[in-house]
Amino acid sequence: MGQKLGITYPAPDIAVFTALPVERQSLLDALGAAVPYRWQGQDLHIADIDGTRVLVLPPSGMGNVGVAALAARVIGVWNPAQLLLVGIAGGVRGAGDDLRLGDVLVPDQVVGYELSKLTADGAKPRYETYRPDYGLLSMAGSVQTQEWLLSGTAPAAAGPLPTRGPKAHFGPVFSGEKVLADDRAVNGLRTAWPKALGVEMESLGIALAAYRGGPGFLMVKAVCDFADSDKNDEWHEYAAAAAAHFSVAVLRRYAGRHVATAGAERPQAVPVDVPSTFPGAVKVQFCRRAADDWEDLADYFETPPHAKRRFRTGNEPREVWEWLETRHKLHLLPQALQEIGRDDLADLLRSGDHT
(Lines give C-alpha, C1' and ligand atoms only; values in the text may rest on other atoms or scores of the structure.)
Protein backbone atom coordinates (compact mmCIF):
# COMPACT_ATOMS: atom_id res chain seq x y z
CA MET A 1 0.00 0.00 0.00
CA GLY A 2 3.02 2.34 -0.06
CA GLN A 3 3.77 4.81 2.70
CA LYS A 4 1.89 4.94 5.95
CA LEU A 5 -0.79 7.53 6.51
CA GLY A 6 0.63 11.01 6.51
CA ILE A 7 1.24 13.93 4.24
CA THR A 8 2.12 11.90 1.13
CA TYR A 9 -0.18 8.93 1.59
CA PRO A 10 -2.85 8.70 -1.16
CA ALA A 11 -6.25 9.90 -0.02
CA PRO A 12 -8.90 7.26 0.63
CA ASP A 13 -11.89 7.12 -1.70
CA ILE A 14 -14.26 5.98 1.05
CA ALA A 15 -14.05 6.41 4.82
CA VAL A 16 -15.96 3.84 6.87
CA PHE A 17 -17.23 4.55 10.38
CA THR A 18 -18.44 2.30 13.18
CA ALA A 19 -19.61 3.10 16.70
CA LEU A 20 -18.69 -0.11 18.55
CA PRO A 21 -15.64 -2.41 18.56
CA VAL A 22 -17.76 -5.40 17.51
CA GLU A 23 -18.91 -3.46 14.43
CA ARG A 24 -15.40 -2.50 13.36
CA GLN A 25 -14.02 -6.00 13.94
CA SER A 26 -16.82 -7.52 11.87
CA LEU A 27 -16.04 -5.09 9.06
CA LEU A 28 -12.31 -5.86 9.17
CA ASP A 29 -13.11 -9.59 9.09
CA ALA A 30 -15.34 -9.09 6.04
CA LEU A 31 -12.73 -6.99 4.24
CA GLY A 32 -10.12 -9.63 4.91
CA ALA A 33 -6.97 -7.73 3.93
CA ALA A 34 -6.99 -4.40 5.72
CA VAL A 35 -3.57 -3.08 6.75
CA PRO A 36 -3.28 -1.45 10.21
CA TYR A 37 -1.68 1.96 10.64
CA ARG A 38 -1.05 4.31 13.54
CA TRP A 39 -1.87 7.96 12.92
CA GLN A 40 -1.76 10.60 15.65
CA GLY A 41 -2.41 7.95 18.29
CA GLN A 42 -5.32 6.39 16.38
CA ASP A 43 -5.62 2.84 15.07
CA LEU A 44 -6.62 3.04 11.41
CA HIS A 45 -6.90 0.40 8.70
CA ILE A 46 -6.57 0.72 4.93
CA ALA A 47 -8.06 -1.79 2.50
CA ASP A 48 -7.82 -1.86 -1.27
CA ILE A 49 -10.80 -3.10 -3.28
CA ASP A 50 -9.92 -3.18 -6.98
CA GLY A 51 -8.07 0.12 -6.74
CA THR A 52 -10.57 1.82 -4.45
CA ARG A 53 -8.96 2.84 -1.16
CA VAL A 54 -11.10 2.20 1.91
CA LEU A 55 -10.18 3.83 5.22
CA VAL A 56 -11.63 2.14 8.33
CA LEU A 57 -11.73 4.49 11.30
CA PRO A 58 -11.57 3.52 14.99
CA PRO A 59 -14.93 3.18 16.75
CA SER A 60 -16.41 6.60 17.47
CA GLY A 61 -18.55 5.50 20.41
CA MET A 62 -22.33 5.66 20.50
CA GLY A 63 -24.07 8.88 19.53
CA ASN A 64 -24.24 11.40 16.71
CA VAL A 65 -21.97 13.99 18.32
CA GLY A 66 -18.87 11.81 18.49
CA VAL A 67 -19.15 10.40 14.99
CA ALA A 68 -19.91 13.85 13.53
CA ALA A 69 -16.71 15.24 15.07
CA LEU A 70 -14.67 12.30 13.76
CA ALA A 71 -16.21 12.58 10.30
CA ALA A 72 -15.50 16.32 10.13
CA ARG A 73 -11.87 15.64 11.01
CA VAL A 74 -11.62 12.90 8.38
CA ILE A 75 -13.10 15.18 5.72
CA GLY A 76 -10.67 17.93 6.66
CA VAL A 77 -7.60 15.70 6.49
CA TRP A 78 -8.33 13.20 3.71
CA ASN A 79 -11.30 14.56 1.76
CA PRO A 80 -12.86 11.17 0.90
CA ALA A 81 -15.47 11.03 -1.84
CA GLN A 82 -17.92 9.03 0.31
CA LEU A 83 -18.66 8.27 3.96
CA LEU A 84 -20.07 4.88 4.95
CA LEU A 85 -21.55 4.05 8.37
CA VAL A 86 -21.72 0.34 9.25
CA GLY A 87 -23.11 -1.42 12.30
CA ILE A 88 -26.20 -2.53 14.19
CA ALA A 89 -29.57 -0.93 14.81
CA GLY A 90 -32.95 -1.49 16.38
CA GLY A 91 -35.71 -2.58 14.04
CA VAL A 92 -39.38 -1.66 14.17
CA ARG A 93 -41.77 -4.55 14.55
CA GLY A 94 -44.14 -4.86 11.63
CA ALA A 95 -42.10 -2.53 9.44
CA GLY A 96 -40.85 -3.25 5.96
CA ASP A 97 -41.26 -6.54 4.16
CA ASP A 98 -41.24 -9.13 6.96
CA LEU A 99 -38.44 -7.45 8.92
CA ARG A 100 -36.50 -9.91 11.08
CA LEU A 101 -33.41 -10.06 13.27
CA GLY A 102 -30.26 -10.06 11.18
CA ASP A 103 -31.85 -8.23 8.24
CA VAL A 104 -30.09 -5.15 6.88
CA LEU A 105 -31.47 -1.62 7.00
CA VAL A 106 -30.42 0.94 4.39
CA PRO A 107 -32.14 4.31 4.85
CA ASP A 108 -33.38 6.28 1.89
CA GLN A 109 -33.89 9.03 4.46
CA VAL A 110 -32.15 9.62 7.79
CA VAL A 111 -34.66 11.19 10.17
CA GLY A 112 -33.36 13.08 13.20
CA TYR A 113 -36.07 13.16 15.86
CA GLU A 114 -34.47 14.96 18.82
CA LEU A 115 -35.30 18.57 17.87
CA SER A 116 -38.63 19.75 19.20
CA LYS A 117 -40.71 22.82 19.96
CA LEU A 118 -42.08 23.12 23.48
CA THR A 119 -45.71 24.26 23.52
CA ALA A 120 -48.57 24.33 26.03
CA ASP A 121 -49.67 21.02 24.57
CA GLY A 122 -46.26 19.44 25.05
CA ALA A 123 -43.19 18.90 22.85
CA LYS A 124 -43.75 18.95 19.09
CA PRO A 125 -41.00 17.14 17.14
CA ARG A 126 -39.19 19.03 14.40
CA TYR A 127 -37.74 16.32 12.24
CA GLU A 128 -34.45 16.74 10.37
CA THR A 129 -34.16 14.68 7.20
CA TYR A 130 -31.13 13.90 5.03
CA ARG A 131 -30.90 11.68 1.98
CA PRO A 132 -27.90 9.45 1.26
CA ASP A 133 -25.82 9.51 -1.89
CA TYR A 134 -28.01 8.38 -4.77
CA GLY A 135 -25.28 6.33 -6.43
CA LEU A 136 -24.40 4.41 -3.26
CA LEU A 137 -28.08 3.86 -2.50
CA SER A 138 -28.64 2.46 -5.99
CA MET A 139 -25.68 0.12 -5.63
CA ALA A 140 -26.99 -1.11 -2.30
CA GLY A 141 -30.33 -1.80 -3.95
CA SER A 142 -28.67 -4.01 -6.56
CA VAL A 143 -26.80 -6.24 -4.07
CA GLN A 144 -27.98 -9.86 -4.30
CA THR A 145 -28.55 -12.09 -1.26
CA GLN A 146 -25.80 -14.53 -2.24
CA GLU A 147 -23.25 -11.72 -2.09
CA TRP A 148 -23.63 -11.28 1.68
CA LEU A 149 -25.31 -14.46 2.92
CA LEU A 150 -23.78 -15.66 6.20
CA SER A 151 -23.32 -19.34 6.89
CA GLY A 152 -23.70 -21.16 10.20
CA THR A 153 -25.87 -20.04 13.08
CA ALA A 154 -26.47 -16.95 15.11
CA PRO A 155 -25.04 -16.77 18.65
CA ALA A 156 -26.15 -19.82 20.63
CA ALA A 157 -28.31 -17.81 22.99
CA ALA A 158 -30.25 -16.38 20.07
CA GLY A 159 -31.15 -19.72 18.55
CA PRO A 160 -31.02 -20.79 14.89
CA LEU A 161 -31.02 -18.46 11.93
CA PRO A 162 -34.34 -17.46 10.34
CA THR A 163 -35.69 -20.09 7.97
CA ARG A 164 -35.66 -17.65 5.06
CA GLY A 165 -32.53 -15.94 3.80
CA PRO A 166 -31.58 -12.46 4.97
CA LYS A 167 -33.12 -9.41 3.36
CA ALA A 168 -32.16 -5.80 2.87
CA HIS A 169 -34.86 -3.22 3.59
CA PHE A 170 -34.93 0.36 2.30
CA GLY A 171 -36.86 3.20 3.92
CA PRO A 172 -36.63 5.92 6.58
CA VAL A 173 -34.53 5.26 9.69
CA PHE A 174 -34.71 7.34 12.88
CA SER A 175 -31.50 8.70 14.39
CA GLY A 176 -31.15 10.27 17.84
CA GLU A 177 -29.16 10.30 21.05
CA LYS A 178 -31.26 7.81 23.00
CA VAL A 179 -31.11 4.03 23.29
CA LEU A 180 -34.78 3.19 22.72
CA ALA A 181 -36.15 0.15 24.53
CA ASP A 182 -39.82 1.09 24.51
CA ASP A 183 -42.09 0.20 21.60
CA ARG A 184 -44.50 2.96 22.65
CA ALA A 185 -41.81 5.59 22.03
CA VAL A 186 -41.01 4.08 18.64
CA ASN A 187 -44.68 3.90 17.68
CA GLY A 188 -45.05 7.54 18.67
CA LEU A 189 -42.34 8.48 16.19
CA ARG A 190 -43.99 6.37 13.51
CA THR A 191 -47.17 8.43 13.61
CA ALA A 192 -45.31 10.94 11.44
CA TRP A 193 -43.16 8.36 9.65
CA PRO A 194 -45.28 5.21 9.22
CA LYS A 195 -42.78 3.60 6.83
CA ALA A 196 -39.82 3.92 9.21
CA LEU A 197 -37.79 0.72 9.52
CA GLY A 198 -35.59 1.23 12.56
CA VAL A 199 -33.76 3.44 15.03
CA GLU A 200 -30.06 4.07 15.66
CA MET A 201 -27.71 6.72 17.03
CA GLU A 202 -25.02 7.72 14.52
CA SER A 203 -26.36 8.25 11.00
CA LEU A 204 -27.52 11.83 11.65
CA GLY A 205 -23.97 12.76 12.67
CA ILE A 206 -22.56 11.25 9.46
CA ALA A 207 -25.27 12.95 7.40
CA LEU A 208 -24.53 16.35 8.94
CA ALA A 209 -20.79 15.99 8.36
CA ALA A 210 -21.39 14.98 4.74
CA TYR A 211 -23.82 17.85 4.19
CA ARG A 212 -21.37 20.40 5.55
CA GLY A 213 -18.23 18.84 4.13
CA GLY A 214 -19.20 17.75 0.63
CA PRO A 215 -18.91 13.92 0.44
CA GLY A 216 -21.84 11.59 -0.09
CA PHE A 217 -22.85 9.13 2.61
CA LEU A 218 -24.66 5.86 3.16
CA MET A 219 -25.69 3.89 6.25
CA VAL A 220 -25.80 0.08 6.40
CA LYS A 221 -26.93 -1.43 9.70
CA ALA A 222 -28.46 -4.79 10.56
CA VAL A 223 -31.26 -5.41 13.04
CA CYS A 224 -29.98 -6.70 16.41
CA ASP A 225 -33.21 -6.09 18.37
CA PHE A 226 -36.60 -4.40 18.06
CA ALA A 227 -36.06 -1.39 20.37
CA ASP A 228 -38.62 -2.67 22.87
CA SER A 229 -38.65 -4.17 26.36
CA ASP A 230 -37.18 -7.42 24.97
CA LYS A 231 -34.02 -5.59 23.90
CA ASN A 232 -30.78 -7.52 24.58
CA ASP A 233 -27.32 -8.10 23.10
CA GLU A 234 -27.76 -11.66 21.82
CA TRP A 235 -27.81 -10.76 18.13
CA HIS A 236 -25.09 -8.09 18.18
CA GLU A 237 -22.33 -10.19 16.64
CA TYR A 238 -24.51 -11.75 13.96
CA ALA A 239 -26.09 -8.42 12.99
CA ALA A 240 -22.68 -6.71 12.89
CA ALA A 241 -21.38 -9.45 10.59
CA ALA A 242 -24.43 -9.17 8.32
CA ALA A 243 -24.02 -5.41 7.98
CA ALA A 244 -20.29 -5.78 7.34
CA HIS A 245 -20.73 -8.35 4.55
CA PHE A 246 -23.47 -6.31 2.90
CA SER A 247 -21.26 -3.20 3.09
CA VAL A 248 -18.34 -4.99 1.44
CA ALA A 249 -20.68 -6.03 -1.38
CA VAL A 250 -21.59 -2.36 -1.85
CA LEU A 251 -17.91 -1.37 -1.81
CA ARG A 252 -17.14 -3.95 -4.50
CA ARG A 253 -19.86 -2.51 -6.70
CA TYR A 254 -18.54 0.97 -6.06
CA ALA A 255 -15.04 -0.08 -7.08
CA GLY A 256 -16.30 -2.01 -10.12
CA ARG A 257 -18.18 0.96 -11.51
CA HIS A 258 -15.29 3.38 -10.98
CA VAL A 259 -17.57 5.96 -9.39
CA ALA A 260 -14.70 7.24 -7.26
CA THR A 261 -11.47 8.49 -8.79
CA ALA A 262 -9.85 5.23 -7.72
CA GLY A 263 -6.08 5.46 -7.86
CA ALA A 264 -6.06 9.24 -8.35
CA GLU A 265 -4.08 11.51 -6.08
CA ARG A 266 -5.85 14.18 -4.04
CA PRO A 267 -3.93 17.00 -2.33
CA GLN A 268 -3.43 16.08 1.29
CA ALA A 269 -3.86 18.34 4.27
CA VAL A 270 -0.68 18.89 6.23
CA PRO A 271 -1.41 17.88 9.83
CA VAL A 272 -0.26 20.93 11.76
CA ASP A 273 -1.18 21.94 15.26
CA VAL A 274 -2.35 25.42 14.28
CA PRO A 275 -3.89 25.82 10.80
CA SER A 276 -2.56 28.71 8.71
CA THR A 277 -4.74 31.81 8.75
CA PHE A 278 -4.74 35.14 6.95
CA PRO A 279 -6.06 38.58 7.93
CA GLY A 280 -9.67 39.24 7.02
CA ALA A 281 -8.63 42.10 4.73
CA VAL A 282 -6.44 39.68 2.74
CA LYS A 283 -9.39 37.34 2.31
CA VAL A 284 -11.52 40.25 1.06
CA GLN A 285 -8.90 41.21 -1.53
CA PHE A 286 -8.51 37.61 -2.65
CA CYS A 287 -12.28 37.17 -3.09
CA ARG A 288 -12.48 40.39 -5.12
CA ARG A 289 -9.53 39.66 -7.39
CA ALA A 290 -9.82 35.90 -7.99
CA ALA A 291 -13.20 35.88 -9.73
CA ASP A 292 -11.68 34.80 -13.08
CA ASP A 293 -9.42 32.13 -11.61
CA TRP A 294 -11.47 30.23 -9.06
CA GLU A 295 -12.05 27.30 -11.44
CA ASP A 296 -8.31 26.88 -11.98
CA LEU A 297 -7.82 26.86 -8.22
CA ALA A 298 -10.62 24.33 -7.73
CA ASP A 299 -9.03 22.12 -10.40
CA TYR A 300 -5.59 22.52 -8.82
CA PHE A 301 -6.92 21.24 -5.50
CA GLU A 302 -9.06 18.61 -7.26
CA THR A 303 -12.21 19.88 -5.62
CA PRO A 304 -14.85 17.19 -6.20
CA PRO A 305 -17.60 18.06 -8.71
CA HIS A 306 -20.30 17.64 -6.06
CA ALA A 307 -18.57 20.28 -3.94
CA LYS A 308 -18.19 22.75 -6.81
CA ARG A 309 -21.87 22.42 -7.66
CA ARG A 310 -22.67 23.78 -4.21
CA PHE A 311 -20.62 26.94 -4.70
CA ARG A 312 -22.88 29.99 -4.79
CA THR A 313 -22.93 31.73 -8.16
CA GLY A 314 -20.97 34.98 -8.07
CA ASN A 315 -19.32 34.04 -4.78
CA GLU A 316 -17.05 31.22 -5.97
CA PRO A 317 -13.68 32.63 -4.76
CA ARG A 318 -15.07 32.85 -1.21
CA GLU A 319 -16.42 29.31 -1.52
CA VAL A 320 -12.99 28.05 -2.64
CA TRP A 321 -11.35 29.87 0.28
CA GLU A 322 -13.77 28.41 2.83
CA TRP A 323 -13.56 24.94 1.28
CA LEU A 324 -9.78 25.06 1.79
CA GLU A 325 -10.10 26.60 5.25
CA THR A 326 -12.42 23.80 6.41
CA ARG A 327 -9.81 21.26 5.33
CA HIS A 328 -6.87 23.17 6.89
CA LYS A 329 -5.35 23.74 3.43
CA LEU A 330 -5.14 27.53 3.27
CA HIS A 331 -1.38 27.29 3.76
CA LEU A 332 -1.22 25.66 0.30
CA LEU A 333 -3.03 28.53 -1.42
CA PRO A 334 0.00 30.80 -2.15
CA GLN A 335 1.78 27.99 -3.98
CA ALA A 336 -1.40 27.14 -5.91
CA LEU A 337 -1.84 30.77 -6.96
CA GLN A 338 1.71 30.87 -8.21
CA GLU A 339 1.16 27.67 -10.20
CA ILE A 340 -1.86 29.15 -12.02
CA GLY A 341 -0.03 32.38 -12.84
CA ARG A 342 -1.44 34.64 -10.14
CA ASP A 343 1.84 35.71 -8.55
CA ASP A 344 0.20 38.95 -7.43
CA LEU A 345 -2.28 37.10 -5.21
CA ALA A 346 0.40 34.69 -4.01
CA ASP A 347 2.50 37.69 -2.92
CA LEU A 348 -0.56 39.20 -1.25
CA LEU A 349 -1.06 36.11 0.91
CA ARG A 350 2.63 35.71 1.71
CA SER A 351 3.16 39.33 2.71
CA GLY A 352 -0.17 39.96 4.41
CA ASP A 353 -0.31 43.25 2.47
CA HIS A 354 -3.90 44.12 1.70
CA THR A 355 -3.44 47.50 0.08
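The structure presented is a predicted model; accordingly, all values stated were derived computationally and were not measured.

**Observations regarding the overall build of the protein chain**
And step 1. When helices and strands are tallied, the protein chain shows twelve helices and twelve strands.
And step 2. A total of 355 residues make up the protein chain; the buried ones form 52% of that total.
And step 3. Just so you have it, the protein chain exposes about 16,000 Å², and 50% of that area is on carbon and sulfur atoms.

**Topic: unusual backbone geometry**
Most peptide bonds take the trans configuration, and most residues that are not glycine carry a negative phi.
And step 1. Backbone geometry places D50, a non-glycine residue, at a positive phi of 50°.
And step 2. According to the relative accessible area criterion, D50 is exposed, its value standing at 58%.
And step 3. If you check the backbone angles, E302 has positive phi at about 50° while not being a glycine.
And step 4. Assignment of secondary structure puts E302 in the loop between α8 (294-300) and α9 (305-308).
And step 5. E302 sits in the partly exposed class, given a relative accessible area of 38%.

**What to know about the pairing of strand β1 (residues 14-17)**
And step 1. Here β1 shows two buried faces, one formed by I14 and V16 and the other by A15 and F17.
And step 2. Pairing of β1 with strand β4 (residues 52-56), which is carried by three bridges, proceeds in the parallel orientation. Following the sheet pairing, I14 is matched in β4 by V54.
And step 3. Here β1 runs beside strand β5 (residues 82-91); their pairing, made up of four bridges, is parallel. Bridge pairing in β5 links F17 to L85.

**Here's the deal with the confidence of the model for the protein chain**
And step 1. Confidence along the protein chain averages 82 in pLDDT terms, with 79% of residues attaining 70 or more.
And step 2. Scored below 50 in pLDDT, residues 1-9 makes 24 contacts in the model with residues more than four places away or belonging to other chains.
And step 3. Contacts from residues 259-275, a stretch scored under 50 in pLDDT, to residues over four places away or in other chains number 43 contacts.

**As for the nonpolar core**
And step 1. Ranked by internal contacts, the top residues of the largest apolar core, which has 42 residues, are L31, L84, V106, L218, V220, F246 and V250.
And step 2. Those residues in contact with L218, other than ones at most four positions away along the chain, are L83, L84, L85, V106, P132, L136, L137, A140 and V250.
And step 3. Counting residues in each nonpolar core, the second largest holds 36 residues, with W39, L85, A95 and L99 among its members.

**Regarding the environment of P125**
And step 1. Relative to the assigned elements, P125 resides in strand β8 (residues 122-125).
And step 2. The partly exposed category is assigned to P125, whose relative accessible area is 44%.
And step 3. Along the backbone, P125 and Y113 are twelve residues apart, and their C-alpha atoms lie at a distance of 6.5 Å.

**Some words on empty space enclosed by the protein**
And step 1. Tallied over the entire structure, the rule returns two cavities of 30 Å³ or more.
And step 2. Of the voids in this model, the largest cavity is the one considered here, and its volume is about 50 Å³.
And step 3. Surrounding the largest cavity, W39, Q42, L44, L57, P58, L70, R73, V74 and W78 form its lining.
And step 4. For the lining of the largest cavity, the elements supplying multiple residues, two or more each, are β3 (42-49) and α2 (64-78).
And step 5. At four residues, α2 tops the list of elements feeding residues into the lining of the largest cavity.
And step 6. Split by residue class, the lining of the largest cavity holds seven nonpolar, one polar and one charged.

**Quick notes on the pattern of salt bridges**
And step 1. What the rule picks out here adds up to eleven salt bridges.
And step 2. Between E322 and K283 there is a salt bridge, with its nearest N and O atoms 3.3 Å apart. Remark: K283 occurs in helix α7 (residues 280-289) and E322 occurs in helix α10 (residues 316-326); sequence separation between them is 39 residues.
And step 3. For E322, a relative accessible area of 30% gives the class partly exposed.
And step 4. A relative accessible area of 17% places K283 in the buried class.
And step 5. With a closest N to O distance of 2.9 Å, D344 and R342 form a salt bridge.
And step 6. It is possible to trace a salt-bridge network through shared partners that takes in R289, D293, R342 and D344.

**A short note on the packing of aromatic side chains**
And step 1. One pass over the full model with this rule turns up nine aromatic pairs.
And step 2. Between the aromatic rings of F286 and W321, the centroid separation amounts to 5.3 Å while the plane-to-plane angle is 50°, which identifies the pairing as tilted. Taken as a pair, F286 in helix α7 and W321 in helix α10 lie far apart in primary sequence, 35 residues in all. The exposure classification of F286 matches that of W321, with both residues buried.
And step 3. Through a chain of ring-to-ring contacts, three or more aromatic side chains come together here, namely F278, F286 and W321.

Calculation criteria
Residues numbered from 1 in each chain as written. Predicted model: local features only at pLDDT ≥ 70, side-chain atom pairs only at ≥ 80, totals over all residues. Heavy atoms only, no water. Helix = DSSP H or I, 4+ residues; strand = E, 2+ residues; numbered from the N terminus. Buried < 20%, exposed > 50% of the residue type's maximum accessible area, 1.4 Å probe, protein only. Areas by Shrake-Rupley, 256 points an atom, 1.4 Å probe, with all protein chains shown as cover. Pairing = 2+ DSSP bridges. pLDDT = per-residue confidence, 0-100. Contact = heavy atoms within 4.5 Å. Core = buried A, V, L, I, M, F, W, Y, C linked by side-chain atoms within 4.5 Å. 1 Å grid on protein atoms, 1.4 Å probe; cavity = no way out; pocket = protein on both sides within 12 Å on 5 of 7 lines; lining within 4 Å. Points joined across faces, edges and corners; volume = space filled by probe spheres on them. Nonpolar A, V, L, I, M, F, W, Y, C, P; charged D, E, K, R; others polar. Salt bridge = Lys/Arg side-chain N within 4 Å of Asp/Glu carboxyl O. Phe/Tyr/Trp six-rings, centres within 6.5 Å; stacked < 30°, edge-to-face > 60°.

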